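Given next are the chains, with one letter for each unit.
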Amino acid sequence: MKTKVLTRVTMMVALMIVSGVLTIPLPGLPVPIVLQNMMMMLAGGLLGKKYGPLAVSVFLLMIAVGFPVLSGGRGGFAVFASASGGFLLGYVLAPLAIGYLLEKNWEKLTFAKAVLIFIIGGTLLIDFCGSFSMAYYMGNSWLNGLKMTLAFVPLDTVKAILAAWITMRLKRYSLISLKLA
């Protein structure tokens, strides 16, 4: 792996860790609103379909080993079997989906198209995956879990728009444009 790629992956993991400091608990829901899912989206936008999931996997490995890098200072393998477990799966899938869709549309990428990619591949995918674990953890049906995750969609959409804007601003520095992804 080139030094440039390794540095960018490491920087993205650092951003994922730092973004866990901000947590907004929601009454009645076991999963808080976090900034970390925006970093997962940015991993796909800036690192592409190959290195974005790699950065998230390193982050998740740190969680599994026990580092308290998840929002609220949580860590340990038990987090994967909690209400957050499905969201963590979505964390790996989001940069894969976003990176893939961005690479397919890179040459003619407009801001509107980027926002749509980040909403579908980020907001909706992460919240959809999270609905399964949230429903199971709360003892509800999956449909109720899906309804519970709707509480996250408005702010997650704002985060997707912000991630798309950052990606468009840094487009020329992205690993996708450097053809390393």
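Residues numbered from 1 in each chain as written. Predicted model: local features only at pLDDT ≥ 70, side-chain atom pairs only at ≥ 80, totals over all residues. Heavy atoms only, no water.

In the nomenclature of an unreviewed UniProt entry, the protein is known as Biotin transporter of Trichococcus collinsii. UniProt, in the comment section headed Subcellular location (unreviewed entry), describes the protein in these words: "Cell membrane". (UniProt positions renumbered as here; feature names shortened; annotations may be inferred.)

Participant: Is there a simple way to think about the packing of helix H2 (residues 36-65) against helix H6 (residues 153-169) in this case?
Facilitator: Viewed as axis vectors pointing N to C, H2 and H6 meet at an angle of 30°, and their least axial separation amounts to 9 Å. When the axes of H2 and H6 are compared, the pair comes out roughly parallel. When the axes of H2 and H6 are compared, the crossing they make is right-handed. Of the residues in H6, those in contact with Asn37, Met38, Met41, Leu42, Gly45 and Leu46 of H2 are Asp156, Lys159, Ala160, Leu162, Ala163, Ile166 and Thr167. Per-class residue counts for the contact of H2 with H6 are eight nonpolar, three polar and two charged. (Axes fitted to C-alpha atoms, helices over the stretch in contact; angles between N-to-C directions. Helix = DSSP H or I, 4+ residues; strand = E, 2+ residues; numbered from the N terminus. Parallel < 35°, antiparallel > 145°, perpendicular 65-115°, else oblique. Left-handed = near helix turned anticlockwise from the far one by under 90°. Contact = heavy atoms within 4.5 Å. Nonpolar A, V, L, I, M, F, W, Y, C, P; charged D, E, K, R; others polar.)

Participant: Sorry if this is basic, but what is going on with helix H4 (residues 111-138) here?
Facilitator: Residue pairs three or four apart in sequence face the same way in an α-helix, which turns once every 3.6 residues. Spanning 28 residues, H4 covers 38 Å between terminal C-alpha atoms, matching the ideal 40 Å at 1.5 Å per step. Ile119 marks the point of greatest bend in H4, at about 30°. After H4 finishes, the residue Gly139 shows a positive phi value of roughly 75°. (Expected span 1.5 Å × (residues − 1). Bend = angle between axes of the 7 residues up to and from the residue.)

Participant: So what exactly am I meant to see when it comes to empty space enclosed by the protein here?
Facilitator: Regions of empty space are outlined by a rolling probe, equal in size to a water molecule, passed over the atoms. As enumerated under the stated definition, the model contains one cavity of 30 Å³ or more in all. Estimates place the volume of the largest cavity at around 140 Å³. The wall of the largest cavity is formed by 17 residues, among which Val31, Pro32, Val34, Phe87 and Tyr91 lie closest to the centre. The set of elements that each furnish at least two residues to the lining of the largest cavity consists of strand S2 (33-34), H2, helix H3 (85-105) and H6. No other element matches H3, which puts three residues into the lining of the largest cavity. Each residue belonging to the lining of the largest cavity can be placed in one class, and the counts come to nine nonpolar, four polar and four charged. (1 Å grid on protein atoms, 1.4 Å probe; cavity = no way out; pocket = protein on both sides within 12 Å on 5 of 7 lines; lining within 4 Å. Points joined across faces, edges and corners; volume = space filled by probe spheres on them.)

Participant: Honestly, the environment of Met168 in this entry has me stumped. Any pointers?
Facilitator: Relative to the helices and strands, Met168 is located in helix H6. Met168 sits in the partly exposed class, given a relative accessible area of 23%. Through-space distance from the C-alpha of Met168 to that of Ala78 is 37 Å; in sequence the pair is 90 residues apart. (Buried < 20%, exposed > 50% of the residue type's maximum accessible area, 1.4 Å probe, protein only.)

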